[in-house]
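Below, each chain spelled out in residue letters.
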Amino acid sequence: MVTNASAILAAQYGTNPFATVFGTNPGTNSGINSGTLTGMTGGSATLSPTVAARVQQALAGQRGNIDLLNASLTSTQTRLSGLGQLQSALDTFEALAESLAGAGLSTAASTSSRGILTAVTSAAAKPGRYVVDVSQLAQGQVLNSGTQPTAGSMIGSGMAATVKLEWGTLGEEGFQASAGSARTITIDSNNNTLDGIAAALKEAGVNATVVRSNGGYALQVNGKEGATQTLSISVSGDAALAAAIGFDPERPQAGGMTQAQAAQDAIVTISGKEYRNSTNTIDDAIEGVTITLTGKGETRLAITQDSSQIAKNVAAFVDGYNKMSDTLAVLQDGALSGDQALSRVSSQLGALMRIGGAGASSQALADIGLSRDADGKLVLVEIKLKAAIADDPEAVARLFTDEGTGLADRIDQRLGALTAENGLIRRAQDRTTRDLDLLTDRRERLAQSLTAQAQALAQMYTIQEQMGGTGTLLDLLG
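Residues numbered from 1 in each chain as written. Predicted model: local features only at pLDDT ≥ 70, side-chain atom pairs only at ≥ 80, totals over all residues. Heavy atoms only, no water.

So, about the overall build of the protein. When its secondary structure is counted, the protein shows 14 helices and 18 strands. Counting every position in the protein, which comprises 478 residues, the buried fraction comes to 42%. The contacts of the protein with a sequence gap of at least 6 include a subset with a gap of at least 24, amounting to 71%. Surface exposure of the protein reaches about 23,700 Å², of which carbon and sulfur atoms provide 48%. (Helix = DSSP H or I, 4+ residues; strand = E, 2+ residues; numbered from the N terminus. Buried < 20%, exposed > 50% of the residue type's maximum accessible area, 1.4 Å probe, protein only. Contact = heavy atoms within 4.5 Å. Areas by Shrake-Rupley, 256 points an atom, 1.4 Å probe, with all protein chains shown as cover.)

Right, here's the structure in full:
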């Protein structure tokens with residue numbers, strides 16, 4: 001027989017009364033824990049066997065409510081987790097389908113020269129040939145201070161000095177600071193060392209480090225790529241500090257920091273049209289093509305229809321679909337068993353696969369070696385697929401992507417709608433989250449109610465026992 005009042009709930013509802021009600025460890029604001037009932041009977045938490053038995057008997061009727069609430073909490077938490085897994089699985093396959101939509105199923109990029117650029121095609125790419133001339137690569141500004149004996153050597157007088165930092169562009173009209181770019185830091189006797197100045201600059205958003213230089217140490221600033229990232233450093237209040245770390249972009253050799261590399265944009269001409277970009281990645285010059293510049297020079301870039309890519313991409317499509325189907329099957333048998341959202345997703349995807357792409361029936365897909373088994377998973381016969389590609393690669397490609405009507409096109413569109421912010425999955429997640437919040441509120445109120453009941457009953461029965469069994473609730477209330 002338990003004799004500790006706080007253990008009554010544990011004996012009645014489980015080894016941990018708080019976990020029974022809440023499903024977690026005790027918190028600090030509410031709930032049942034080992035100290036809840038301490039002091040309720042004149043400072044002692046120990047009850048007689050008789051009192052403990054009476055409290056247990058009185059609380060026995062609450063067991064059903066707790067079990068129902070905990071079951072609802074577990075079920076709702078499981079469903080919310082399952083919906084998250086469903087969202088992730090659909091997002092992954094949508095990204096694959098999107099990459100194959102448009103011309104992404106069968107395009108490839110190649111260049112005539114190495115070391116100048118790399119290119120990657122996406123769904124919007126179209127076959128074409130381009131002459132690309134890279135005359136300048138984007139780069140960030142690099143500034144170096146003079147050498148100091150140690151990183152902790154004092155620089156300047158130690159008087160409070162204001163360092164103004166401005167980012168902008170150096171052009172024919174001189175340095176033009178960008179609006180809103182100015183920041184200031186203070187350097188004084190507490191931080192007038194290379195280490196201290198570097199730390200202050202970092203707090204202001206500058207990539208500043210202390211480096212070894214000519215047998216000593218120097219401050220180095222590495223700016224972001226692009227002409228608009230030119231940094232001007234002006235110092236007021238300490239001439240010696242200004243001479244050490246100041247920098248005027250219009251007079252880079254005037255003293256203070258020296259410029260090892262100027263900030264500049266990438267400049268590239270593509271089939272006669274010039275493009276300037278703050279980085280070496282250009283994604284707005286050729287539709288559906290991302291170009292990464294790696295060196296200067298001229299090269300020819302070809303975006304071609306590559307039938308050899310079709311078989312690889314169809315195989316990737318099949319593998320991705322089957323992995324998604326496996327996840328959906330696991331959820332159907334577990335976390336989302338009987339869930340309407342999952343049923344609707346499975347139904348809509350199944351309908352798309354039965355209809356096929358570009359208005360074709362499933363027979364058109366079967367003709368190129370693609371079919372579904374009894375479990376709804378895709379089966380690919382590579383020999384048939386390669387034969388179909390050899391016979392008419394464009395016809396095969398159109399089954400998957402054809403101005404929004406191919407199979408990959410339609411799946412991309414459908415999954416995008418299902419996983420959107422206002423889509424089916426998100427709405428189901430929002431409803432389940434609200435349900436979980438309501439259940440959480442209920443369990444907190446139930447925990448508080450059980451705690452209060454256990455305390456009151458234990459106190460009342462203890463008083464009755466102390467009065468020789470004649471005490472009543474009225475005696476307790478005075």
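After presenting the structure, the write-up continues.
Right, let's get into the nonpolar core. The biggest cluster of nonpolar side chains holds 42 residues, and the ones touching the most others in it are Leu86, Leu90, Phe317, Val345, Ile368, Phe400 and Ile411. Where this core is concerned, the elements lending two or more residues are helix 4 (63–100), helix 7 (307–333), helix 8 (340–355), helix 10 (382–391), helix 11 (393–400), helix 12 (407–419) and helix 13 (424–466). The element contributing the most residues to this core is helix 7, with nine residues. In this structure, Leu90 is in contact with Met324, Val345, Leu349, Leu415, Thr419 and Ile425, ignoring residues within four places of it in sequence. In this structure, Val163, Ile197, Ala204 and Ala208 belong to the second largest nonpolar core, which totals 26 residues. (Core = buried A, V, L, I, M, F, W, Y, C linked by side-chain atoms within 4.5 Å.)

Spatial ordering of the open sheet is given by 2-15-14, a layout of three strands whose pairing is antiparallel. Of all strands in the sheet, those with a lone pairing partner are strand 2 (117–121) and strand 14 (281–282), marking the two edges. (Pairing = 2+ DSSP bridges.)

A word on the pairing of strand 4 (residues 140–144). Extensive coverage of strand 4 is indicated by the burial of five of its five residues. Of the two faces of strand 4, both are covered, the one formed by Gly140, Val142 and Asn144 as well as the one formed by Gln141 and Leu143.

A few words now on the pairing of strand 3 (residues 128–136). Where strand 3 lies against strand 16 (residues 297–305), seven bridges are found, and the strand directions are antiparallel. Looking at strand 16, one finds that Val131 is bridged to Arg300. As paired elements, strand 3 and strand 12 (residues 266–270) share four bridges and run antiparallel to each other. For Gln136, the partnering residue across the bridge sits in strand 12 and is Ile267.

It is worth spelling out the pattern of salt bridges at this point. Considering all chains together, one arrives at nine salt bridges under this definition. When the shortest N-O distance is used, the salt bridge between Asp67 and Arg63 registers 3.2 Å. Linking Asp67 with Arg63, this pair stays in helix 4, spanning four residues, or about one helical turn. By relative accessible area, which is 34% here, Arg63 ends up partly exposed. Between Arg426 and Glu421 there is a salt bridge, and its shortest N-O distance comes to 3.7 Å. With relative accessibility at 25%, the residue Arg426 sits in the partly exposed group. A residue is classified by how much of its surface remains accessible, and Glu421, at 65% relative accessible area, is exposed. (Salt bridge = Lys/Arg side-chain N within 4 Å of Asp/Glu carboxyl O.)

Tracing the backbone shows Asn191 in the loop between strand 7 (183–187) and helix 5 (194–203). Considered as a pair, Asn191 and Ile155 are 36 residues apart in the sequence and their alpha carbons are 9.2 Å apart. Reaching out from Asn191, the side chain makes a polar contact with the backbone nitrogen of Asp188 at a distance of 2.8 Å. (Polar contact = N/O pair within 3.5 Å; in protein donor to acceptor, adjacent residues only side chain to side chain.)

What follows deals with the sheet that holds strand 8 (residues 208–213). Across the sheet, which stays open at both edges, the four strands sit in the order 8-9-4-11 with antiparallel pairing between neighbours. A strand with exactly one partner marks an edge of an open sheet, and here the two such strands are strand 8 and strand 11 (258–261). Taking the axes of each pair of neighbouring strands and ignoring which way they run, one obtains an average angle of 35° across the sheet. (Axes fitted to C-alpha atoms, helices over the stretch in contact; angles between N-to-C directions.)

In this structure, Asn214 takes a positive phi of about 50° despite not being glycine. Inspection of the secondary structure assignment puts Asn214 in the loop between strand 8 and strand 9 (216–225). The residue Ser271 is not glycine, and still its phi comes out positive at about 50°. Within the secondary structure, Ser271 sits in the loop between strand 12 and strand 13 (273–277). Judged by relative accessible area, Ser271 falls into the partly exposed class, the value being 48%.

Attention now goes to a positive patch on the surface. Taken together, the side chains of Arg344, Arg427, Arg431 and Arg434 present a region of like positive charge at the surface. In terms of residue count, the dominant contributor to the positive patch is helix 13 (three residues). Here Arg431 lies in helix 13. (Patch = residues over 30% accessible without salt bridge, like charges linked within 9 Å, V, L, I, M, F, W, Y side chains within 5 Å. Lys, Arg positive; Asp, Glu negative; His and termini not counted. Charge placed at Lys NZ, Arg CZ, Asp CG, Glu CD.)

This paragraph deals with the environment of Asn207. Position of Asn207 among the secondary structure elements: in the loop between helix 5 and strand 8. Looking at Asn207, the relative accessible area reads 45%, which means it is partly exposed. Apart from residues lying up to four places away in sequence, Asn207 is in contact with Gln220, Val221 and Asn222.

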